[in-house]
Amino acid sequence: SLIYNDKSQQAWGLIILLISKAAGHTASVPEMDQDRSVGVLHSQRALAEVTEMIRSSQLIHQGVINLQSMDNAGNDLSGDSDMVFGNKIALLGGDYLLAHASKQIASLRNQDLNMLMTSAYRDLAESAFIGESDDQNNPLPSKPNTPARTNTPECTLQELDFGDVRDNMEPMLIDGVMGHPEKEWSLRHVLGGGSLLGKSCHGALMLAGHPDELQKQGYLFGKHMSLAWQASIELQPFLLNQLPLGNTFSLVSAPVLFHLEYDPSVYEFIEQGKISIEDVDYAALHQEIIQGPGLEKTRNLQKKHSMAAMNVLDRFPTTDAQTALQNIILAMQQL
């Protein structure tokens, strides 16, 4: 499990190996690709490794700092050798992992898988250009553009499939998404991670020779698994009555977005971070959010995606791998 910003990230590779083992493989798979000792194909193991590399490269690239040539006092920052060196290492390290992942995918000699994973790359790139951001490219939520809506209907799961396979030249249609808390949150996190895990699970079942319908279920499982995990992580900073000194949380997390819908005036806190999110009064914002409906709506969001992932698992035979995946989902609800 990768450690990033003091948080343990989901073990993407393990999920892919477990869904591969839970589904098994068809008789059409070449003998040389089979590994009967573990019940997972060699190609599926390679795909799991590729997914870990892509995920790691994304997190490394997120550590790049936007160095300004001058600070607010007019001091030259371009000569900060330590910062420049750190940026170069982050860029080169992330690029190396991404290039090696692409080479690994190409070595599997499966054109459909190659196109599928290429679309996952595209989704990750698109996720970095959604909505507003501060000068360091840290994301900021959209400004509420409607009156407070306490009874906004929940989105259907079909409305949230932003990372579904599209023609590479087809633009994404996101009209009506920004400013709607659940749609905006899903857009960011499907493209930023859910699509990668979903398409990797899809690809694992493709390699096993399963029909298109089951491959699609693999995609849905990975996507909902990722979103359920994300919602669980985003709840954690709000489980305490007071935010520990120096702690922060994502301004585009589900509790924040749901609270902005409930009370648009809270966007004043967000506007403090237009230049840098470090200028936001996180403690005051935290107090506002824990008193509103955002936490309960986030819990419901987590349950919604957990149940969707569970429903996909019901299609697979009862095995140790299926049970392990169910236990992971249940454990997320206890976080």
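It should be emphasised that the depicted structure is a prediction, and the values quoted were computed from it without experimental measurement.

Thresholds, definitions, all that
- Residues numbered from 1 in each chain as written.
- Predicted model: local features only at pLDDT ≥ 70, side-chain atom pairs only at ≥ 80, totals over all residues.
- Heavy atoms only, no water.
- Helix = DSSP H or I, 4+ residues; strand = E, 2+ residues; numbered from the N terminus.
- Buried < 20%, exposed > 50% of the residue type's maximum accessible area, 1.4 Å probe, protein only.
- Areas by Shrake-Rupley, 256 points an atom, 1.4 Å probe, with all protein chains shown as cover.
- Core = buried A, V, L, I, M, F, W, Y, C linked by side-chain atoms within 4.5 Å.
- Contact = heavy atoms within 4.5 Å.
- Phe/Tyr/Trp six-rings, centres within 6.5 Å; stacked < 30°, edge-to-face > 60°.
- Axes fitted to C-alpha atoms, helices over the stretch in contact; angles between N-to-C directions.
- Parallel < 35°, antiparallel > 145°, perpendicular 65-115°, else oblique.
- Left-handed = near helix turned anticlockwise from the far one by under 90°.
- Nonpolar A, V, L, I, M, F, W, Y, C, P; charged D, E, K, R; others polar.
- 1 Å grid on protein atoms, 1.4 Å probe; cavity = no way out; pocket = protein on both sides within 12 Å on 5 of 7 lines; lining within 4 Å.
- Points joined across faces, edges and corners; volume = space filled by probe spheres on them.
- Salt bridge = Lys/Arg side-chain N within 4 Å of Asp/Glu carboxyl O.
- Expected span 1.5 Å × (residues − 1).
- Arc of directions from axis to C-beta.

**Q** Before we move on, could you go through the overall build of the protein chain and cite the residues and values that matter?
**A** Counting its regular elements, the protein chain contains 11 helices and 4 strands. Counting across all 335 residues of the protein chain, residues that qualify as buried make up 47%. For the protein chain, the accessible surface area stands at approximately 16700 Å², while carbon and sulfur atoms represent 54% of it.

**Q** Could you give an account of the nonpolar core, with specific residues and numbers?
**A** The biggest cluster of nonpolar side chains holds 52 residues, and the ones touching the most others in it are Phe221, Phe316 and Ile329. Among the elements that make up this core, the one with the highest residue count is helix 6 (residues 212–235) (10 residues). Not counting residues within four places of it along the chain, the set of residues in contact with Phe221 comprises Ile15, Ile19, Cys201, Ala309, Val312, Leu313, Leu325 and Ile329. Within the second largest apolar cluster, 18 residues are counted, among which are Leu140, Phe249, Leu251 and Tyr282.

**Q** Summarise the packing of aromatic side chains; cite the residues concerned and give the values.
**A** Here the structure, examined in full by the defined rule, presents 2 aromatic pairs. Ring-pair connections join several aromatic residues into one group, and the members of that group are Phe238, Phe249 and Tyr282.

**Q** Residues and numbers for the packing of helix 5 (residues 181–207) against helix 7 (residues 254–262), please.
**A** One can describe the packing of helix 5 onto helix 7 by two numbers: an axis separation of 9 Å at closest approach and a directional angle of 155°. Classed by the angle they form, the pair helix 5 and helix 7 counts as roughly antiparallel. As helix 5 runs across helix 7, the sense of the crossing is right-handed. Counting all contacts with helix 5, which are made through Pro181, Glu182, Glu184 and Trp185, the residues of helix 7 involved are Ala254, Leu257, Phe258 and Glu261. Among the residues forming the contact of helix 5 with helix 7, the class breakdown is 5 nonpolar, no polar and 3 charged.

**Q** So what's going on with empty space enclosed by the protein? Residues and values would help.
**A** Scanning all chains against the criterion turns up 2 cavities of 30 Å³ or more. If you go around the largest cavity, the residues you meet are Ser142, Pro144, Gly179, His180, Pro181, Glu184, Leu257, Leu260 and Glu261. Mapped onto the lining of the largest cavity, the elements with two or more residues apiece are helix 5 and helix 7. Top contributing element to the lining of the largest cavity by residue count: helix 7, with 3 residues. Partitioning the lining of the largest cavity into residue classes produces 4 nonpolar, 3 polar and 2 charged.

**Q** Mind laying out the pattern of salt bridges, listing which residues take part and the relevant values?
**A** Counted under the stated rule, the structure contains 8 salt bridges. Lys274 is paired through a salt bridge with Glu132; the nearest N and O atoms lie 2.7 Å apart. Of the two residues, Lys274 is situated in the loop between helix 8 (267–271) and helix 9 (282–290) and Glu132 in strand 3 (residues 132–133); the sequence distance between them amounts to 142 residues. Taking the relative accessible area as the measure of exposure, Lys274 reaches 31% and is therefore partly exposed. Of the charged contacts, one joins Arg188 and Glu184 as a salt bridge, the two residues approaching to 3.2 Å between their closest N and O atoms. Highlighted residues: Arg188 and Glu184, both in helix 5, separated by 4 residues, approximately one helical turn. By relative accessible area, Glu184 is classed as buried at 2%. Through salt bridges with shared partners, one network takes in Arg122, Asp123 and Lys199.

**Q** Give a detailed account of helix 11 (residues 320–332), specifying residues and quantitative values.
**A** Over its 13 residues, helix 11 extends 18 Å from the first C-alpha to the last, a length consistent with the 18 Å expected when each residue adds 1.5 Å. For helix 11, the set of buried residues is Ala321, Gln322, Leu325, Gln326, Ile329 and Met332. Each buried residue of helix 11 lies within a common arc of 140° when the element is viewed along its axis, so the set occupies one face. Looking at the buried positions of helix 11, the neighbouring elements they touch are helix 1 (12–23), helix 6 and helix 10 (294–313).

**Q** Go over unusual backbone geometry, please, and point to the residues and values.
**A** With the exception of glycine, the majority of residues adopt a negative phi angle, and the majority of peptide bonds are in the trans configuration. The phi angle at Arg109 is positive, at roughly 55°, despite the residue not being glycine. Secondary-structure assignment places Arg109 in the loop between helix 3 (81–107) and helix 4 (111–127). Of the residues examined, Arg109 reaches a relative accessible area of 77% and is grouped as exposed. One non-glycine residue with positive phi stands out, namely Asn137, at about 70°. Looking at the secondary structure, you find Asn137 in the loop between strand 3 and strand 4 (139–140).

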